[in-house]
Every structure is written in C-alpha cells, then in structure tokens.
Amino acid sequence: MQPLFERTGHLIARHTRLVAAATILLVVLGIIGAGRIEMSIGTSTLVNTESETYRRFLKLDENFGSSHVVLLVSGESIDPIIQPDNLRALDRVAEALRGDSRIASVVNPVDAVRQALGQSGGEFSIDDTATIRNVLLDPETGAVRGSFAPLFPQGENALFVVTLSSDLDPKEQIEISDATEAARAAAGFTNVETLVTGFPAVSSALEDAMVSSLRTTLLVAMLLMLAVLTALFPVRSRFYWRWLALGSVFVGIIYAFGVMGWAGQALSIGSLTVFPIIVGLGVDYGIQFHNRYDEEIRRARSVTEALAVSLRHIGSATGLAVIAVVLGGLGLLTSSTPIIRDFALTLMFGVVAAWTGAFLVVPTVLFWHYRRRAALNAGATADSANPGEEPDGTQRLLRSMGHWVVQHPLVVLPVAVLLTAGGFLVDGDIGVKTSQEQFLSPSIPAVRGLLRLQEASGGLTSFNLIVEAENVARPDIVEWVDGLGPRLLGAFPSVVQVNSYADALRRAYGETLPTSEEDIRKALDQLPQANRKALVNDAFTATNVSLVLTKVDIGDMDDLARALERQVEDPPDGATVTVSGFPLVIA
C-alpha cells in the first residue's frame, strides 16, 4: 500500500487544483445525497422482520391494526362526559373521520350506548341523560358496568379509539393524528378536558427529537474537538492551523450523510449514536495527516517530497485502521436486530467518509500552504521559514505520562486487566429501554399526553390474543372468550383490563350473552363497521382480545407471554389462540 500512497502524494502535488475541485464536487454531491435521507423510527427498526414473533405481530396488524390514536375525554365524574353537547361532540369527531380509508376502525363510546339501548328495545335519545346514565352505571354500586368499563375507565373518562390501517407510513399516521386533533378542536366539547394522544404523536415527537439531537450532538462534538485541538495539538504555523483537522471532519460528515442518502440508508436511532464516533475518528485522522506532514517538513524536505513521504507512511497506517473498523462493522451486520445493522452500516459509511475527508482536505491544504510560504520565503529553509513551537505544559505532561506508562508495564497492564474484568462483570446489569415514551423527555407534550392516557386507562402496554376459527361467532367460542376476562385478571396482577367482542355483546344484551349464532352475528352486524373491525374481521374467522397491562419490565415480557399461552391452551374445538402485540416484538 505504501508505494500507492506515495504516488498519490505526487499526484496531489501535480494536480492540486484538480484534487481541490474533486473535493468540492464530492461536497456538493454529499449535500444532495443528504437531502435524500429519510427517518426510520418504526417497529421494523427494532426487531428481526423474519422472526416468528414479528410474523404474529403482522397477523395482528393486518387483521385489526396495531397503531392507535386516542381521544381522551375527562371530567370530574361520568356526568359531564355524558352531557348531550359532549356526546354530540364525540359523534362529530366520528363523522369527521368517517370515510378515511387509512383508518381500520373507530371505537366511539356513544355507539356502545346507542347499541345497548337499541338492542334492549329502548329508543336512544342523546338528550336523555338519565337513561344513558342508567345504562352505563350499576344501580347497586354506582360504578360503570363491567362491559362499559373499557370505554369509560374509572368512571371519569371516555376513550374514543382510532385504529390505523397496517400499511401506513409514519407520515400518514401523523396526518390522521392531526386530523383527529382538528376534529376534536371543532367538535364543541364543554366542561370536560380533551386530549388527542397515541404513539403516532409520540413518533412525530421522536422524529423531531432525533433531528434536534443530531444537530446538538454534532455541535457539542465539534466544540469538544475544537477545545482539545486548541489545548493539545501543536502545529508549525499560525495558531488557527491546528483546527484544520476539524475542517476536514466537517467535510467528512457531509460525505457520510451523502453516502447514506445515495445508498438509501435511513436515519434511525441506531444511526444517531455513530456521529460522535465519526467526529472523533475524523479528527484523529486529520491530526495524523497534519502531524506527519509537519514532521517531514521539519526534516527540511521539499513540500512535494514531504507530501509524498508523509502519505506513504501515515496514509497506509490510517487506511489499514479504517479497513479494520469496516471489518468490525461487517461482523455487526450479522445481527438479527435492524437497529444494530443500522449502527454498523452508518459506522462503516461514516469512518470511510471521515478518512476520505481527512485524506483529501488536510494534505491538499497543507501542500498549498507550505508551497505558498516557500514561494514567499524564497531561499529560506523550511525550518527557518516555519519555526517550531516549544511544547507547552500540557504537552510536556502528556509526554512524561507516556514515558512513565512505557517504563511501568507491570503496573499498567494489571490495572487494565482488572478494569476489563470489572466491565464484563457489570455488563449484565445494563438496562434496556425500548418503549417509545422512554426515548423522550416527559416534558414533551406528546409524551405527557401518553402518560395522562396511561393514568386514565390504568395502563398502556397491551398484549393481544388472536382467536381464530372457521366461525368465531359460535356461541361456545364467545362464551370461552368471555371467560378469559375473569381468568386472566385473577391469574396476572399486571393485567388490568381484558377487552373483547364479548363485552360488546354483553352491552347489547343487558350484561348477558346471546345464546345463538344468529343473535351473535346480528348484534355484531349492528355495530358500526368502524367499531366492528376492531373486534372481528370481516370473514368472522378471527377476533381480537386485547389485554391492558400495568408497567411490566421489558425483560419479563417473554415470561408473561409464555404464562399467557399456558392459560389459553384450552380453546374450543377448531379454534386456535396466538399471543401477539408490540411489547413482544421488542422484548
């Protein structure tokens, strides 16, 4: 490799302007490529899309949707929520969203009351607050009846749930969240608090935070490198030349973004962690090119010879270091987790780009600078034209530390081994955060909204049981699904709510279950289509049972799923049960 880099040095010396033009052209292409970068914050960045767990999640997503926008209506009690103005407002929101093909289902609590009264032979009047109150509340306890509890949690809230279609990109999800917010603002709610929240809103906030974090990270990294170069890096010229390496990093960062954009590499959470590393490595490469060139100039070589010899040695050394990093990145590409592969690809692109920036910028600029000085100081030697700087206190300290380390290996090596062993011992104690709301500060409005929803509904994390059969309207299947509520609530303290189509049937039949398939289908068919799609698919071959959980440690999710599978091993003949849900995907 050394002869190749030496020839490259002579090439740069002969064609300095051409190399500078090529460097600038690559910067332009990098800026254009950077504009092609897209954000990637979906589920597919967190989990192996070929895994059985992800296939189960897709089954849930395709049949019932898995992303929700929630309108939370809160009052001091149930009474202000069921006032006619507010019930009409909920209907207006539903009407505003009707017909949007991107919405899989809409669960409007007013429809549940409307169906319950209609099925019992009563006539629904949105102005008859007393009758609506009697339908919702148990006359003995005054609490919300069990079948209505999922829609009116704690008796002080109402949940209007919009489930999104499975094929939406993040931008479309955010558009529906915004449309729901616009409908809420125009609906005319009075004397209640209303809030539109859900993971699409958090995803939007996460995307904004990623862009802001990237800018901040790069700025802080650059400032730190600026301080380090100012304090520690001596140069054989004016003071500000010690910052040349930082300029090459800036070019390298543009190259890195450009390569990502042209290669179609999206910017994910895994990618963000790479850029401080790229800044550090880029400064390192720039310093090495700069320092070696200065060393060759000190030896009174001509500027051309100094360029060729310095690149011969330091170009090959740093080039091999880059190859080593790339090979390490190739190892990470074998990971089944997309976010780790994103990290590896960005690291590989970034390190090569940072080295390329340092290789093109530093030698070219230094050659131009020293050639110009030589011309201005004709007849002077390189050393007389460029007097060296005396090392300052920091540099003398580092030099003495280096000598001490070399002279005391029996002290340094055991300490290094002990620190390494200690790192391995405590490595298992590092926690894992995969919940989207944990990625962001609670001070962000979207996160506050999600936490408020969690407080109102008793939990946010949900598992789903997909019950499949040739006909899920069979009475024995309905009865078995209905029995899951008491069974799972009793077996798992972390399960706070079990929601299924049995709840809708009980609401329709006065807290009892219909006993014939005909009545079951009739009751489900009377639900608005947008409501029914959240419970059963159009072919009546699958139904969705959702479990709302209190906060469960991510490490316990798999154990909880296996325990759930043991609890549902006895479905009726011809029926199967699949445990799915977003928590399992990221566990």
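Note that the coordinates shown come from a computational prediction; the quantities given were computed from them, not determined experimentally.

1. Notes on the overall build of the protein
Right, on to step 1. A tally of helices and strands in the protein yields 24 helices and eight strands.
Right, on to step 2. Looking at the protein as a whole, 47% of its 587 residues are labelled buried.
Right, on to step 3. Summing over all exposed atoms, the protein offers an accessible surface of approximately 27700 Å²; the carbon and sulfur share of this is 58%.

2. Some points on the pattern of salt bridges
Right, on to step 1. Per the counting criterion, the structure on display carries 16 salt bridges.
Right, on to step 2. Put simply, D127 and R88 hold a salt bridge, and the shortest N to O gap is 2.8 Å. Here D127 is found in the loop between helix 6 (109-119) and helix 7 (129-136), whereas its partner R88 is found in helix 5 (residues 84-97), with 39 residues between them in sequence.
Right, on to step 3. Through salt bridges with shared partners, a single ionic network connects D91, D111 and R114.

3. A short note on the sheet that holds strand 3 (residues 157-164)
Right, on to step 1. With antiparallel pairing, four strands are arranged side by side in an open sheet as 2-3-1-4. At either margin of the open sheet sits one strand with a lone partner, and together these are strand 2 (103-107) and strand 4 (193-198). Each adjacent strand pair in this sheet contributes to an overall mean axis angle of 15 degrees, direction not counted.
Right, on to step 2. Examined bridge by bridge, strand 2 and strand 3 share four bridges and lie antiparallel to one another. Across the sheet, the residue bridging to V107 is V161, located in strand 3.
Right, on to step 3. Relative to strand 3, helix 5 is tilted by about 5 degrees, and along the sheet it contacts strand 1 (68-74), strand 2 and strand 3.
Right, on to step 4. Against the sheet, helix 8 (residues 170-187) touches strand 1, strand 2, strand 3 and strand 4, its axis set at about 175 degrees to strand 4.

4. So, unusual backbone geometry
Right, on to step 1. Phi is positive for Q154, which is not a glycine, with a value near 65 degrees.
Right, on to step 2. Since its relative accessible area comes to 52%, Q154 is described here as exposed.
Right, on to step 3. Unusually for a residue other than glycine, F540 sits at a positive phi of about 55 degrees.
Right, on to step 4. Topologically, F540 is positioned in the loop between helix 22 (529-532) and strand 7 (542-549).

5. With respect to the pairing of strand 5 (residues 462-468)
Right, on to step 1. The buried fraction of strand 5 is high, at five of seven residues.
Right, on to step 2. Note that strand 5 and strand 7 share seven bridges and pair antiparallel. Looking at the pairing, L465 lines up with V545 of strand 7.
Right, on to step 3. Summarising the sheet, strand 5 and strand 8 (residues 576-580) pair through five bridges and their orientation is antiparallel. Looking at the pairing, N464 lines up with S580 of strand 8.

6. Focus on the nonpolar core
If you look at soluble globular proteins, the nonpolar side chains tend to sit buried side by side.
Right, on to step 1. In this structure, I253, F275, F289 and Y293 are the most contacted members of the largest nonpolar core, which totals 58 residues.
Right, on to step 2. Among the elements of the structure, helix 1 (2-14), helix 2 (16-34), helix 9 (199-232), helix 10 (244-263), helix 12 (275-298), helix 13 (303-332) and helix 14 (338-376) are those that each provide at least two residues to this core.
Right, on to step 3. When residues in this core are grouped by element, the largest group, 14 residues, is from helix 14.
Right, on to step 4. Apart from the residues lying within four places of it in its own chain, the contact partners of F289 are L311, I314, G315, T318, W355, A358, F359, V362 and P363.
Right, on to step 5. V69, A158, L164 and V196 belong to the second-largest nonpolar core, a separate cluster that totals 48 residues.

7. Remarks on the sheet that holds strand 8
Right, on to step 1. Spatially, 6-7-5-8 is the arrangement adopted by the four strands of the open sheet, whose pairing is antiparallel. Two strands lie at the open edges of the sheet, namely strand 6 (495-499) and strand 8, each paired on one side alone. Geometrically, the sheet is characterised by an average inter-axis angle of 20 degrees between neighbouring strands, direction not taken into account.
Right, on to step 2. Lying on the sheet, helix 19 (residues 475-491) is in contact with strand 5, strand 6, strand 7 and strand 8; it crosses strand 6 at an angle near 170 degrees.

8. Here we look at helix 3 (residues 52-64)
Right, on to step 1. With 13 residues, helix 3 extends 18 Å from end C-alpha to end C-alpha; this agrees with the ideal 18 Å at 1.5 Å per step.
Right, on to step 2. Buried within helix 3 are the following residues: Y54, F57, L60, D61 and F64. When helix 3 is viewed along its axis, its buried side chains cluster within an angular range of 120 degrees and face the same direction.
Right, on to step 3. A positive backbone phi angle near 80 degrees is found at G65, which sits one or two residues after helix 3.

9. Regarding the packing of aromatic side chains
Right, on to step 1. Counted under the stated rule, the structure contains seven aromatic pairs.
Right, on to step 2. Geometrically, the ring pair formed by F257 and F275 is stacked, given 4.7 Å between the ring centres and 20 degrees between the ring planes. Here the residue F257 occupies a position in helix 10, and F275 occupies one in helix 12, the gap between them amounting to 18 residues.
Right, on to step 3. For F275, a relative accessible area of 0% corresponds to the buried category.
Right, on to step 4. With centroids separated by 5.6 Å and ring planes inclined at 5 degrees, the aromatic side chains of Y293 and Y370 adopt a geometry described as stacked. Taken together, the residues span a long stretch of sequence, with Y293 in helix 12 and Y370 in helix 14 at a distance of 77 residues.
Right, on to step 5. Put simply, the rings of F5, F289, W355 and F359 pair up and form one aromatic cluster.
Right, on to step 6. Here R521 stacks its cationic end above the ring of F540, 4.5 Å away from the centre of that ring.

10. Here we look at the confidence of the model for the protein
Right, on to step 1. When pLDDT is averaged along the protein, the result is 82; 86% of the residues meet or exceed 70.
Right, on to step 2. Counting contacts from residues 379-388, a segment whose pLDDT is below 50, to residues more than four positions away or on other chains yields 14 contacts.

Thresholds, definitions, all that
- The numbering scheme is per chain: residues are counted from 1 as the chain's sequence reads.
- The predicted origin of the model limits local features to residues at a pLDDT of at least 70 and limits the giving and counting of side-chain atom pairs to 80 or more, whereas totals for whole chains, interfaces and linings rest on all residues.
- Excluded from the side-chain calculations are hydrogens and water; all other atoms, namely the structure's heavy atoms, are used.
- Comment: elements are numbered from the N terminus, with helices defined as DSSP H or I runs of at least four residues and strands as E runs of at least two.
- For each residue, the accessible area found with a 1.4 Å probe, counting protein chains only, is set against the maximum for its type, and the residue is called buried under 20%, exposed over 50%, and partly exposed in between.
- In this description, accessible areas are obtained by the Shrake-Rupley approach with a 1.4 Å probe, and a residue is regarded as covered only by the protein chains that are shown.
- Salt bridges, as used here, are contacts in which a Lys or Arg side-chain nitrogen is within 4 Å of a carboxyl oxygen on Asp or Glu.
- Think of it this way: DSSP has to see at least two bridges between two strands before they count as a pair.
- Lines are fitted to the C-alpha atoms to define the axes, a helix being fitted only along its stretch in contact, and any angle between axes, read from their N-to-C directions, falls within 0 to 180 degrees.
- Residue contacts are defined here by distance: any two heavy atoms, one from each residue, within 4.5 Å place the two residues in contact.
- Definition of nonpolar core: a set of buried residues of the types Ala, Val, Leu, Ile, Met, Phe, Trp, Tyr and Cys, connected through side-chain atoms within 4.5 Å.
- Helix span, as expected, comes to 1.5 Å for every residue beyond the first.
- To be clear, the arc concerns the directions from the helix axis to the C-beta atoms.
- Stacked, tilted and edge-to-face are the three classes applied to pairs of Phe, Tyr and Trp rings, where Trp contributes its six-membered ring and a pair requires centres within 6.5 Å; stacked means planes under 30 degrees apart, edge-to-face means over 60, and tilted covers the rest.
- Two conditions define a charge located above a ring, namely a distance within 6 Å from the ring centre to NZ of Lys or CZ of Arg, and an angle within 35 degrees of the ring normal.
- Each residue carries a pLDDT score, the predictor's own confidence in it, on a scale running from 0 to 100.

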